[in-house]
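# Structure assessment
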Amino acid sequence: CVNGQVAKDAILKELETASILKLRLCRRAPFHITVRKQVGQHLGTSLCYESQSVCLRVKELHDGAAKDYNARVPLAQKIQPQDLIISVNGVMDQPARMIEVVKTNTQLELVLIRPP
């Protein structure tokens, strides 16, 4: 958060125009989950990343292994929209590669961070 702004465009505007910056930083604890997909089953998420990003963002949930997983776990362990995936089966800092790992593996060891 910069000067009370949380949206990306508003933060960038504050960084460019404000003479005084008030920053609020929060470090979220990562959590580890294991999602198993049936052969041919999709994870059931819309994932995205920006060109300089080192993680994946969960945009939406659809039918698939993620919803099956969510039906079996407590709320704190559920995959939710806006979650950030920082590792897939040990692959980090390479979002395009992480998506390939999601597509090609039936067991996914995910490390996620939930933004505030």
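Here, every reference points to the structure presented above.
Let me sum up the structure you'll find in this document. (Residues numbered from 1 in each chain as written. Predicted model: local features only at pLDDT ≥ 70, side-chain atom pairs only at ≥ 80, totals over all residues. Heavy atoms only, no water.)

### What to know about the pattern of salt bridges
Tallied over the entire structure, the rule returns three salt bridges. As a salt-bridge pair, E50 and K8 come within 2.7 Å of each other at their nearest N and O atoms. Taken together, the residues E50 in the loop between strand 2 (45-48) and strand 3 (56-61) and K8 in helix 1 (residues 8-17) connect sequence positions 42 residues apart. Here E50 falls in the partly exposed class, since its relative accessible area comes to 47%. D83 is the partner of R114 in a salt bridge, and the nearest nitrogen-oxygen pair spans 2.7 Å. A residue pair is termed long-range when its members are at least 10 positions apart, and R114 in the segment after strand 5 (107-113) and D83 in the loop between helix 2 (65-70) and strand 4 (84-88) qualify at 31 residues. Classification of D83 as buried rests on a relative accessible area of 1%. (Salt bridge = Lys/Arg side-chain N within 4 Å of Asp/Glu carboxyl O. Helix = DSSP H or I, 4+ residues; strand = E, 2+ residues; numbered from the N terminus. Buried < 20%, exposed > 50% of the residue type's maximum accessible area, 1.4 Å probe, protein only.)

### Focus: a nonpolar patch on the surface
Nonpolar side chains collect at one region of the surface, where L12, L15, L21, L23 and L25 lie side by side and expose about 510 Å² of accessible area between them. Residue position: L23 is located in the loop between helix 1 and strand 1 (31-36). Take L23: its relative accessible area is 54%, and that puts it in the exposed class. (Patch = residues over 30% accessible without salt bridge, like charges linked within 9 Å, V, L, I, M, F, W, Y side chains within 5 Å. Areas by Shrake-Rupley, 256 points an atom, 1.4 Å probe, with all protein chains shown as cover.)

### A few points about the pairing of strand 5
Of the pairings in the sheet, the one linking strand 1 to strand 5 comprises six bridges and is antiparallel in character. The residue of strand 5 that forms the bridge with H32 is V111. Examined bridge by bridge, strand 4 and strand 5 share four bridges and lie antiparallel to one another. Looking across to strand 5, one finds that S87 is bridged to V111. (Pairing = 2+ DSSP bridges.)

### Some details on the environment of L56
Its location among the elements puts L56 in strand 3. On the basis of relative accessibility, which here comes to 0%, the residue L56 falls in the buried class. The spatial distance from the C-alpha of L56 to the C-alpha of V88 is 9.7 Å, given a sequence separation of 32 residues. Here L56 is in contact with L47, C48, Y49, D83, L84, I85, P95, M98 and I99, once residues within four sequence places are set aside. (Contact = heavy atoms within 4.5 Å.)

### Let's talk about the environment of Q77
Relative to the helices and strands, Q77 is located in the loop between helix 2 and strand 4. Once the C-alpha coordinates of Q77 and S46 are considered, the two residues, 31 residues apart in sequence, prove to be 18 Å apart. Not counting residues up to four positions away in its chain, the partners in contact with Q77 are F31, H32, I33 and Y69.

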